[in-house]
Amino acid sequence: MVIPMWLAKTIAWSGIALIGFAVVDVAVTSFWDTSLTGSSWSSLAEFAGGFVMKHFGEALDDE
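Computed from a predicted structure; not experimentally measured. (Residues numbered from 1 in each chain as written. Predicted model: local features only at pLDDT ≥ 70, side-chain atom pairs only at ≥ 80, totals over all residues. Heavy atoms only, no water.)

Chemist: Explain the side chain of Asp 25 to me, please; I cannot follow it from the model alone.
Modeler: The residue Asp 25 is located in helix H1 (residues 5–32) in this model. Buried charge without a partner: Asp 25 forms no salt bridge, and the closest opposite charge is Lys 54, 24 Å away. Excluding residues that lie within four positions of it along the chain, Asp 25 makes contacts with Ser 35, Leu 36, Thr 37 and Ser 42. (Helix = DSSP H or I, 4+ residues; strand = E, 2+ residues; numbered from the N terminus. Buried < 20%, exposed > 50% of the residue type's maximum accessible area, 1.4 Å probe, protein only. Lys, Arg positive; Asp, Glu negative; His and termini not counted. Salt bridge = Lys/Arg side-chain N within 4 Å of Asp/Glu carboxyl O. Contact = heavy atoms within 4.5 Å.)

This is the structure:
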């Protein structure tokens with residue numbers, strides 16, 4: 001199955017957004033001792049972002 005390039009790039013950018021969310025959540029937690037989500041969603045977001053980038057990150061190499 002071939003995935004269109006626009007879809008692969010959209011999925012890759014969503015992976016970057018997930019990793020960015022996790023970084024911001026960890027930074028807020030370390031500075032203000034409170035979490036944006038109040039739970040361990042940042043760990044899940046970082047895992048999902050890494051998984052997405054592993055499989056679709058290559059689509060961003062063409063830019």
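Chemist: What is the right way to read the environment of Ala 12 from this model?
Modeler: On the secondary structure map, Ala 12 appears in helix H1. Along the primary structure Ala 12 and Ala 45 are separated by 33 residues, whereas in three dimensions their C-alpha atoms are 14 Å apart. In contact with Ala 12, other than residues within four places in its own chain, are Val 52, Met 53, Phe 56, Gly 57 and Leu 60.

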